[in-house]
Amino acid sequence: MIDYVKLIHNIDIPSNLFHPTWKKSKTDSGCPYRWRTIRGVKLRYYEESCNLTINGKILMLLHDTQVQNFDDIYGGRRDMFIDELNSFLNSLFQSPILDIREFKVTRIDYCFNVKTPYVHEYVAILSKAFQMTNSVTRKNFTSEKDLSGSVYVRTTTDYKDNTVRNDTLNFYDKEDRLNFQKNAGQNVSESDMVLARDIFRMEVQCGTAKIKSIEKKFNISSTFDDLFDFNVAFYTISSTYALIFKASEKIDFYTYSAAKSKV
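Numbering of residues starts from 1 in each chain and follows the order in which that chain's sequence is written. Whole-chain, interface and lining totals are the exception, using all residues; otherwise, since this is a predicted model, local features are given only for residues with pLDDT of at least 70 and side-chain atom pairs are given and counted only at 80 or more. The side-chain quantities take in all heavy atoms of the structure and omit both hydrogens and water.

(A) Region of interest: the overall build of the protein. Note on conventions: DSSP H or I runs of at least 4 residues are helices, E runs of at least 2 residues are strands, and numbering of each starts at the N terminus. What the protein contains, in helices and strands, is eleven helices and ten strands. Whether two residues touch is decided by their heavy atoms; if any such pair falls within 4.5 Å, the residues are in contact. By sequence separation, contacts in the protein at least 24 residues apart represent 60% of the contacts at least 6 residues apart. All accessible areas in this document rest on Shrake-Rupley with a 1.4 Å probe, and a residue is counted as covered only by the protein chains that are shown. Within the structure as shown, the protein displays about 14,000 Å² of accessible surface, and the carbon and sulfur contribution to it stands at 51%.

Next comes the structure, spelled out in structure tokens:
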């Protein structure tokens, strides 16, 4: 349900509360900060602004897997996941001080793993559908950069600036992605390779502008507590795919009548 996140929380953390495992450094402008990197997830505490940031695939703090999502491991047990996250984060300090539900979200990636033997067919069909329905408002990042594999569809402005302010729609073959990472010299476990087989990943990366529209739609805040929600995740993915492919937000392509109406 969720993958990569950028979180920020303003909190005054006295230096004596940090475990020795935190390293010290300075920004290019000379501002001191403490940092940890745990399975690719970056934690930074900026002493002058009192801002604690968390950037990365949030599930990796608890489980070393590049394939499984929150819903694959926890099902609907949202509170259990949050409790385990809080327990882990607070273990990095001398006393409990954090509640991840209070963190502000500046980016959140919603995603679902679809188990199907027709992964390549889905990638090909959706790629073709984008070519048929696309206007000048969006670009296929993968095609424009002459890359293969994953399809990244960004707004034209986000593509131009190479950023995620609005949203990036992404779909791909998870097994192909892991093979690419292995060939690039990255460490990929055999268990993940097995889990990735026949997995079609559907994803929407949400930047600050997209998050604001989600807040307005659901009348919620930009906290992790509000945005970490199955209904929000499903709506964001289905509505974004529907917008780009000019389809119904129900994205019901599985019944004969629905498929016939599309064809």
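(B) Inspection of helix α10 (residues 230–245) at higher detail. Helix span, as expected, comes to 1.5 Å for every residue beyond the first. Along its 16 residues, α10 runs 22 Å from first to last C-alpha, staying within 8% of the 22 Å computed at 1.5 Å per residue. When α10 is considered as a whole, its buried residues turn out to be V232, A233, T236, I237, S238, S239, T240, Y241, A242, I244 and F245. Pairs of N or O atoms within 3.5 Å make up the polar contacts considered here, provided that, within protein, one atom can donate a hydrogen while the other can accept it, and that residues adjacent in sequence are counted only when both atoms are side-chain atoms. The N-capping residue of α10, defined by a side-chain oxygen 2.9 Å from the backbone nitrogen of N231, is D229. Per-residue accessibility, obtained with a 1.4 Å probe over protein chains only, is compared with the maximum for each type, and a residue is labelled buried under 20%, exposed over 50%, and partly exposed between these values.

(C) Quick peek at the pattern of salt bridges. Note on definitions: salt bridges are taken to be side-chain nitrogens of Lys or Arg within 4 Å of carboxyl oxygens of Asp or Glu. Going through the model one piece at a time under the given rule, you end up with nine salt bridges. Measuring nitrogen to oxygen at the nearest pair gives 3.0 Å for the salt bridge that ties R101 to D99. For R107, the salt bridge is made with D109, and the minimal N-O distance between the two is 2.9 Å. Accessibility assignment for this pair places R107 and D109 in one class, buried. Among the charged side chains, a salt-bridge network with shared partners connects R78, D79 and D225.

(D) View of the nonpolar core. Within the largest apolar cluster, 59 residues are counted, with the highest numbers of intra-cluster contacts made by I58, F81 and Y110. Of the residues forming this core, the biggest block, six residues, is contributed by α10. If we ignore the near neighbours within four places in the chain, the residues touching I58 are I2, D3, V5, L7, F81, L85 and I100. Here, the term nonpolar core denotes a set of buried Ala, Val, Leu, Ile, Met, Phe, Trp, Tyr and Cys residues that are joined through side-chain atoms within 4.5 Å. Counting five residues, the second largest nonpolar core, distinct from the first, contains V67, L178, V188 and A196.

(E) Representation of the pairing of strand β6 (residues 104–115). Relative to β6, strand β1 (residues 2–10) runs antiparallel, the two being bridged by five bridges. Bridge pairing in β6 links I2 to Y110. Strands are labelled as partners when DSSP assigns at least two bridges between them. By the bridge criterion, eight bridges tie β6 to strand β10 (residues 199–206) in an arrangement that is antiparallel. When the sheet's bridge partners are listed, F112 is paired in β10 with M202.

(F) View of the packing of aromatic side chains. Pairing of aromatic rings covers Phe, Tyr and Trp, the last counted by its six-membered ring, and requires centre-to-centre distances within 6.5 Å; plane angles under 30 degrees mean stacked, over 60 mean edge-to-face, and any other angle means tilted. Applying the stated criterion across every chain, the model contains 18 aromatic pairs. Aromatic side chains W22 and F93 sit 5.4 Å apart centroid to centroid with 35° between the ring planes, which places their arrangement in the tilted category. With W22 in the loop between β1 and β2 (23–26) and F93 in the loop between α2 (78–90) and β6, this residue pair connects regions lying 71 residues apart in the sequence. Taken individually, W22 and F93 each receive the classification buried, so the pair is uniform in this respect.

(G) Here's a closer look at α2. Along its 13 residues, α2 runs 18 Å from first to last C-alpha, staying within 8% of the 18 Å computed at 1.5 Å per residue. Buried residues of α2: F81, I82, L85, N86, L89 and N90, and no others. Each buried residue of α2 sits inside an arc of 155° when the element is viewed along its axis, so together they form one side. On its buried face, α2 sits against β1, β4 (41–46), β5 (51–57) and α1 (70–74). Note that the arc is computed from the directions linking the helix axis to the C-beta atoms.

(H) Region of interest: the pairing of β1. By the bridge criterion, seven bridges tie β1 to β5 in an arrangement that is antiparallel. For Y4, the partnering residue across the bridge sits in β5 and is K57.

(I) Highlighting the environment of N16. Residue placement: N16 occurs in the loop between β1 and β2. N16 gets classed as exposed once you look at its relative accessible area, which sits at 55%. When the C-alpha atoms of N16 and Q94 are compared, they prove to be 7.7 Å apart, with 78 residues separating the residues in sequence.

(J) The arrangement of the environment of S95 in detail. If you trace the backbone, S95 turns up in the loop between α2 and β6. Its relative accessible area of 27% is what places S95 among the partly exposed residues. Sequence-wise, S95 and H19 are 76 residues apart; in three dimensions their C-alpha atoms are separated by 9.8 Å. Not counting the four nearest positions on each side in its chain, S95 is found in contact with L17 and N90.

Fair warning: the whole summary comes from geometry, so function is off the table for now.
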